[in-house]
Amino acid sequence: GEKDTSPYFCLHFNKELEIYKKQVIVNLVDQAGREKIIGDAYLKQVLMFNCPNLTYISFDFHEHCRGMKFENVQTLTDAISDIITDMKWCWVDQAGVICKQEGIFRVNCMDCLDRTNVVQAAIARVVMEHQLKKLGVMPPEQLLPMKCYRLYQIMWANNGDSISKQYAGTAALKGDFTRTGERKLAGVMKDGVNSANRYYLNRFKDAYRQAVIDLMQGVPVTEDLYSIFTKEKEHEALHRQSQRNHQELISQLLQNYMQILLPDSEKFHGGWALIDCDPRCVCSRELTLT
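Residues numbered from 1 in each chain as written. Predicted model: local features only at pLDDT ≥ 70, side-chain atom pairs only at ≥ 80, totals over all residues. Heavy atoms only, no water.

J.: For the confidence of the model for the chain, give the residues involved together with the corresponding values.
T.: For any part of a model where pLDDT is low, the fine detail of the predicted coordinates should not be relied upon. When pLDDT is averaged across the chain, the result is 82; 85% of the residues are at 70 or more. Predicted confidence in the chain is weakest over strand S7 (residues 288-289), with a mean pLDDT of 44, and strongest over strand S1 (residues 23-27), with 97. Every residue in residues 282-290 is under pLDDT 50, and counting partners more than four places away or in other chains gives 19 contacts. (pLDDT = per-residue confidence, 0-100. Helix = DSSP H or I, 4+ residues; strand = E, 2+ residues; numbered from the N terminus. Contact = heavy atoms within 4.5 Å.)

Spelled out as structure tokens, the structure:
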């Protein structure tokens, strides 16, 4: 409930502001449907918190980028360009500290992975361009060179994939846009496969992953979660036993065939078992008999 949530919201953001001084919330949830409920509750908590160092910005990612037009994220970065400039960054040279970063961007959507990765990449690129221009590497009006932009995209996409694999078990969705700046059919199909994998992992493997996280953090693991480990080991043992049985059956089968097919005057020297062969090479494989 709202009253129960408020104290923890305040406690959390007071701690965050103590560390980072200022925060700019960029909320990417949909402004319609089930996500709107969460977005409205988030905004209400911010208004109740009523802190001048906490800025709230709403950007309906799916509405603005409908039809895979993720380049429309620039609408957001253009709108908050003054905030990005005012936030500055840490700049130190031989003479000492020139300026310090004042605050952070806190970008979120429903699971804070895919939409968040695209928007954070766009904000970070704007910051990098400012830095390069201040250092005199780029002229004031010049755009980021394409070679540098490609390297930046690859670096950021790899970072997004690493975080996504830790959290969701697959590479980040919309990664083709982060990596190349273009949204293609192959990327959409890959996202579909990753989404299906995430669904499976969340439904059947999440408890196992949570148990590992708990153990790493020193949190006691319940007996129910211990049973998951036990079942996992039992499943692996059964799978190994099944493989051994399969191999033994194949071996017995080959021995029986050799006894049936080979006359007493001939001897078996070697060959290939066609049961597990590569179907692409089946025409080139034969049993060698002498």
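J.: A description of helix H7 (residues 146-168) should follow, citing residues and the corresponding values.
T.: In a regular helix each residue adds 1.5 Å, so 23 residues correspond to 33 Å; H7 covers 31 Å between its end C-alpha atoms and thus fits that length. All of the buried residues along H7 are Tyr 152, Gln 153, Trp 156, Ala 157, Gly 160, Asp 161, Ser 164 and Ala 168. In the segment just after H7, Gly 169 is the residue with positive phi, at about 90°. (Expected span 1.5 Å × (residues − 1). Buried < 20%, exposed > 50% of the residue type's maximum accessible area, 1.4 Å probe, protein only.)

J.: So what's going on with the side chain of Thr 77? Residues and values would help.
T.: Position of Thr 77 among the secondary structure elements: in helix H4 (residues 74-79). With near-sequence residues (within four places) excluded, Thr 77 lies in contact with Ile 84, Ala 122, Ile 123 and Val 126.

J.: Outline helix H1 (residues 2-20), listing residues and values.
T.: Owing to its 3.6 residues per turn, the α-helix brings residues three or four apart onto one side. Taking 1.5 Å of rise per residue, the 19 residues of H1 would be expected to cover 27 Å, and the 26 Å separating its terminal C-alpha atoms lies within 8% of that figure. Turning to H1, its buried residues number three or more, namely Ser 6, Phe 9, Phe 13, Glu 16 and Leu 17. Relative to the axis of H1, the buried residues are bounded by an arc of 105° and lie together on one face. Turned more than 90 degrees from where H1 packs its buried face, Asp 4, Tyr 8, Leu 11 and Glu 18 sit exposed. Of the surrounding elements, those touching the buried residues of H1 are S1, helix H2 (33-49), strand S2 (54-58) and strand S5 (104-108). Among the residues trailing H1, Lys 21 stands out with phi positive, at a value near 75°. (Arc of directions from axis to C-beta.)

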